[in-house]
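Structure at a glance
Residues per chain, in single letters:
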Amino acid sequence: MTRIGLFAALLMGLAAADRAEAHHLEPRAPTANTAAVSAVLDGAGLVVGDPLFEVESILDDEALLTPAEFEFGLRSLSGEVIPGLLSSRLLVSRQFDRMLARQLRPIGPERPGVVVGGVNTGGCMFGEAGGCGSDICPYCTAGEGDYGPFFIEPGPSTWVRVNGLDADGDTVPGGPIANDVNAVLYQLGYTFPVDSELLFGAVLGYGDTDIDGDLDLGEFDQRTTRVSFYTRKTVGHVFVTAATSYGYDQTILTRQVVAGPLAIETEAGKFDGHEFSSFVELGANLFESRNVTVQPLIGLRYARVFRDADTELGDAPEALIFDSQSEDALEFRLGGRFAKTFRATKAVELIPEVRAWWLHDFQAEVPETTLRLAGLPDVPFVVRGERPDENVAVVGLGVTVVLDNEYALWFQYDGEYGNQTTTNVASAGFLSSW
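Residues numbered from 1 in each chain as written. Predicted model: local features only at pLDDT ≥ 70, side-chain atom pairs only at ≥ 80, totals over all residues. Heavy atoms only, no water.

With that settled, consider the nonpolar core. The biggest cluster of nonpolar side chains holds 53 residues, and the ones touching the most others in it are L41, L59, L165, L253, L373 and F381. Of the residues forming this core, the biggest block, 7 residues, is contributed by helix α5 (residues 85–104). Leave out the neighbours within four places in its chain, and F381 touches A36, V37, V40, S78, L320, T369, T370, L371, R372 and L373. A101, W159, V203 and A243 belong to the second largest nonpolar core, which has 12 residues in total. (Core = buried A, V, L, I, M, F, W, Y, C linked by side-chain atoms within 4.5 Å. Buried < 20%, exposed > 50% of the residue type's maximum accessible area, 1.4 Å probe, protein only. Helix = DSSP H or I, 4+ residues; strand = E, 2+ residues; numbered from the N terminus. Contact = heavy atoms within 4.5 Å.)

Spelled out as structure tokens, the structure:
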């Protein structure tokens, strides 16, 4: 080889060494997600003029960024808020189904069918049809007169529920970021009793949900439309409820990539999502007296949520291209409720209640999705999100006001305490029988 050739090879070797020395983000990355995007940048061999050279140069300048700024820059670039969306979506799906399960359980807002105090024969009121204590009115006490239980033949009813929830996620140090969820959920339902033991119904639901990633790494604005069909069968004191649902989401994601003095806002157009869920619940009404009910409950629920693939808008090389994603939940629930009926007048019943639950999700796994930077569209990397809570404890209380056994108002509160998320849920609703 000539001297000129040797000199040229030496220069090329020095340039390569200099470039290799400059690209060492991955060893300094503090988390698995930041290491994933760092490996993409390190392996790309970026030079001046490449779309992502500027952001990588800033991140690589230890004199320019503090360790906290370095970590935030990589986290924002990695898009780790994206895979955690479905964990939050599963939480919202669970709340929709919980609203419906409450509506279906006897003794409470749902009036057609068996109500507290006895079988729904319609003849016990005011001592008619044999009176309290007779074969067809076995659960009320003789001599109660006009203040005997309200029993009417079951009829159709229309009901509406409104749920407000606030969920605060806690990010585990070194792990994926958690999300905070704020949502208002609506349900409009119609119940059609076949007889005093069997009923069917349908529900239209709508949800307005805001999901904010910790550290201000991104936020989702999500709108959900949902349809559900349900049934309940009562045999004596035992009942079974079941429902199946489909939900359709439209979501807008807004993120900001910040690397020192460089700040780029990205936005994904409306991308679609879908949800399927079904649950079955077995319960019993254990009457200690005419006005008191202890109700043990056990249930199983399956849900699957999907998110379509999408590309963030704009021409920024830091924008992300993300693949589709799905996540499942298989939940076992065990708990119960205690309800007490107070008769204020012949026309007004008050039914306060307390309840407690334990929930275990057999499918609680760390969600992950495949992303690509728009500036390096041929280099995929995998990012993981917040794991859904595997175990959740729920405690709640509420009160239902029943008017003339035709109308009902209810107000309820629940506190949910999971491995990483604490959720406060308040709900109110109204029912009219006709």
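Once the structure has been displayed, the description carries forward.
Unlike most non-glycine residues, L215 shows phi in positive territory, near 65°. When you line up the elements, L215 lands in the loop between β3 (198–213) and β4 (219–235). Positive phi, normally seen in glycine, also occurs at D216, with a value near 60°. Mapped onto the elements of the fold, D216 is located in the loop between β3 and β4.

Attention now goes to the packing of aromatic side chains. If you walk through the whole model with that rule in mind, you get 7 aromatic pairs. Summarising the aromatic geometry, the rings of Y246 and F276 are spaced 5.2 Å apart at their centres and angled 45° between planes, so their arrangement reads as tilted. Placement of Y246 in strand β5 (residues 238–259) and of F276 in strand β6 (residues 262–284) is noted, with a sequence separation of 30 residues between them. Residue classification places Y246 among the partly exposed residues on the basis of a relative accessible area of 30%. According to the relative accessible area criterion, F276 is partly exposed, its value standing at 42%. Aromatic side chains F271 and F322 sit 5.5 Å apart centroid to centroid with 75° between the ring planes, which places their arrangement in the edge-to-face category. With a gap of 51 residues between them, F271 in strand β6 and F322 in strand β10 (residues 320–322) connect regions that are remote in the sequence. Over the aromatic face of F70 sits the side chain of R28, whose NZ or CZ is 4.0 Å from the ring centroid. (Phe/Tyr/Trp six-rings, centres within 6.5 Å; stacked < 30°, edge-to-face > 60°. Lys NZ or Arg CZ within 6 Å of the ring centre and 35° of its normal.)

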